[in-house]
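# Overview (structure and organization)
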Amino acid sequence: INTIGVLTSGGDAPGMNAAIRAVVRTALANGKKVKGIRRGYSGLLEEDIFDMDAYSVADIIGRGGTILYTARCAEFRTEEGQKKGAEICEKHGIDGLVVIGGDGSFQGARKLANLGINTIGLPGTIDLDIACTEYTIGFDTAVNTAMEAIDKIRDTSTSHERCSVIEVMGRNAGYIALWCGIANGAEQILITERYDFDEQAIINNIIEKRNKGKKHYIIVNAEGIGRSEELAKKVEAATGMEARATIIGHIQRGGSPTCKDRVYASMMGARAVDLLCQGASNRVVGYKEGSFVDFDIQEALSMTKDIDQYMYDMSRKLSR
Ligand code: ATP
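Residues numbered from 1 in each chain as written. Predicted model: local features only at pLDDT ≥ 70, side-chain atom pairs only at ≥ 80, totals over all residues.

In the vicinity of the ligand lie 17 residues, with Gly10, Gly11, Gly102, Gly104 and Gly108 positioned nearest. Among the elements that make up the shell around the ligand, the one with the highest residue count is helix α4 (residues 103–114) (six residues). Looking at the shell around the ligand residue by residue, the class counts come to three nonpolar, ten polar and four charged. (Near = placed C-beta within 6 Å. Helix = DSSP H or I, 4+ residues; strand = E, 2+ residues; numbered from the N terminus. Nonpolar A, V, L, I, M, F, W, Y, C, P; charged D, E, K, R; others polar.)

Now the structure itself:
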């Protein structure tokens, strides 16, 4: 490997910059050249490629977002697009590529690997919804941001003796909702993986808790379930308790990454470069049972995971 390219793709996540910085500096330490590719596969196809040095990644470890920008690219889903991408890598001398993104981005990385470009994927998503890993870049920051927001809503909810339906991100996965629900002591946690849509049961529970003297009722609702406004209105109509919906939204994607996201993203970025230098390709870096590991991309994409049942059951017991 002579030249390592790096790009971020799909949804952004805090900590991506720390990963980029680690890729660049580990590559330079190994005597490799580094090229940054802007806007994911879109930028690759548009040849938005530039040389990076140690200084290009100065002052970014504490910044959210991604200095390389990110995008989705329909053209790259086609065979012609992928061929063009591989040819552009060759033209720019990029013989190793680090792709930071989610499952979709790894599909693209696999296609490039099949076309002879050595590629390594790093899991970057706030949603934690990548099966081969127990950690994804950005999740820790996102849950801490959401947790702090929910703490604030809880204060005012208690003062006004309200019910608050708080919607957190996670279209396909309830990890953010489950973690925040536990961390914020929510009375209800609604996640697509487990929710049976029994609104009457929630209403009954609110009435029961209020009769026991509870001053507020917090429902943490995952984006995948949505319709938080609707649920708040139903609760208010059925219980007489004032109910408000808050969608926390995009603040969960931004902000300065936590220590964990900075350190783990750095470890993963460094490992991606080490793998490339060892001649590996078509791998995804993950974190399992306390160690950083890597998997064949195809194998990683075929894995499935579900939320921890013990954790979910515990959350139900603690909210009683
Ligand atoms: P997140 O879900 O966190 O936003 P992601 O990486 O899964 O991240 P996607 O939009 O699914 O996000 O994928 C990002 C990009 O990867 C796509 O816009 C496309 O360019 C490329 N990609 C996705 N699927 C494929 C595929 N099957 N083959 C080739 N490229 C793909």
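Backbone-to-backbone hydrogen bonds join strands into a sheet, with any given pair of strands oriented parallel or antiparallel. Strand order across the open sheet formed by seven strands is β3-β2-β1-β4-β5-β10-β11, with mixed pairing between neighbours. On the outer flanks of this sheet lie β3 (49–52) and β11 (291–296), each paired with one strand and no other. Each adjacent strand pair in this sheet contributes to an overall mean axis angle of 25 degrees, direction not counted. By the bridge criterion, two bridges tie strand β5 (residues 118–123) to strand β10 (residues 283–288) in an arrangement that is parallel. Looking across to β10, one finds that Ile120 is bridged to Arg283. Across the sheet, helix α1 (residues 16–29) touches β1 (3–8), β2 (33–37), β3, β4 (96–101) and β5, and the angle it forms with β1 is around 180 degrees. Sitting on the sheet, helix α9 (residues 259–277) is in contact with β1, β4, β5, β10 and β11, with an inclination near 165 degrees to β5. (Pairing = 2+ DSSP bridges. Axes fitted to C-alpha atoms, helices over the stretch in contact; angles between N-to-C directions. Contact = placed C-beta atoms within 7 Å.)

Counting residues in each nonpolar core, the largest one holds 86 residues, and the members touching the most others are Ala19 and Val23. Among the elements that make up this core, the one with the highest residue count is α1 (eight residues). Beyond its immediate chain neighbours, meaning those up to four positions away, Ala19 contacts Ile100, Leu122, Gly124, Ile137, Ala265, Met268 and Gly269. (Core = buried A, V, L, I, M, F, W, Y, C linked by C-beta atoms within 7 Å. Buried ≥ 20, exposed ≤ 12 C-beta atoms within 10 Å, placed from the backbone.)

We now examine the pairing of β10. Across six bridges, the pairing between β10 and β11 is antiparallel. The residue of β11 that forms the bridge with Gly286 is Val293. Between β10 and β11, which pair antiparallel and follow one another directly, the connecting turn spans two residues, one of which, Glu289, has a positive phi of 45 degrees.

Two elements in contact, helix α5 (residues 139–159) and helix α6 (residues 175–183), have axes separated by 9 Å at closest approach and are oriented at 45 degrees. With respect to α6, the element α5 is oriented oblique. Crossing of α5 over α6 shows right-handed handedness. Contacts from Phe139, Ala142, Val143, Ala146, Met147 and Ile150 of α5 reach α6 at Tyr175, Ile176, Trp179, Cys180 and Ala183. Considered class by class, the residues forming the contact of α5 with α6 number eleven nonpolar, no polar and no charged. (Parallel < 35°, antiparallel > 145°, perpendicular 65-115°, else oblique. Left-handed = near helix turned anticlockwise from the far one by under 90°.)

What follows is about the packing of α1 against α9. With their axes 7 Å apart at the nearest point, α1 and α9 run at an angle of 40 degrees to one another. Between α1 and α9, the angle is such that the two are oblique. Crossing angle aside, the handedness with which α1 passes α9 is right-handed. Counting all contacts with α1, which are made through Ala18, Ala19, Ile20, Arg21, Ala22, Val23, Thr26 and Ala27, the residues of α9 involved are Asp261, Arg262, Ala265, Ser266, Met268, Gly269, Ala270, Ala272 and Val273. Here the contact of α1 with α9 is composed, by residue class, of eleven nonpolar, three polar and three charged.

With twelve residues, helix α8 (residues 228–239) ought to run about 16 Å at 1.5 Å a step, and its terminal C-alpha atoms sit 16 Å apart, in line with that. For α8, the complete set of buried residues consists of Ser228, Leu231, Ala232 and Val235. With its buried residues spanning 100 degrees around the axis, α8 presents them on a single face. Residues of α8 that are exposed and point over 90 degrees away from its buried face: Glu230 and Ala237. The inward-facing, buried residues of α8 abut β6 (163–168), α7 (199–211), β8 (217–222) and β9 (243–247). (Expected span 1.5 Å × (residues − 1). Arc of directions from axis to C-beta.)

Our next topic: unusual backbone geometry. Although it is not a glycine, Asp59 sits at a positive phi angle of roughly 65 degrees. With respect to the helices and strands, Asp59 occurs in the loop between β3 and α3 (79–91). Residue Glu289 is not a glycine yet carries a positive backbone phi of 45 degrees. In this fold, Glu289 is placed in the loop between β10 and β11.

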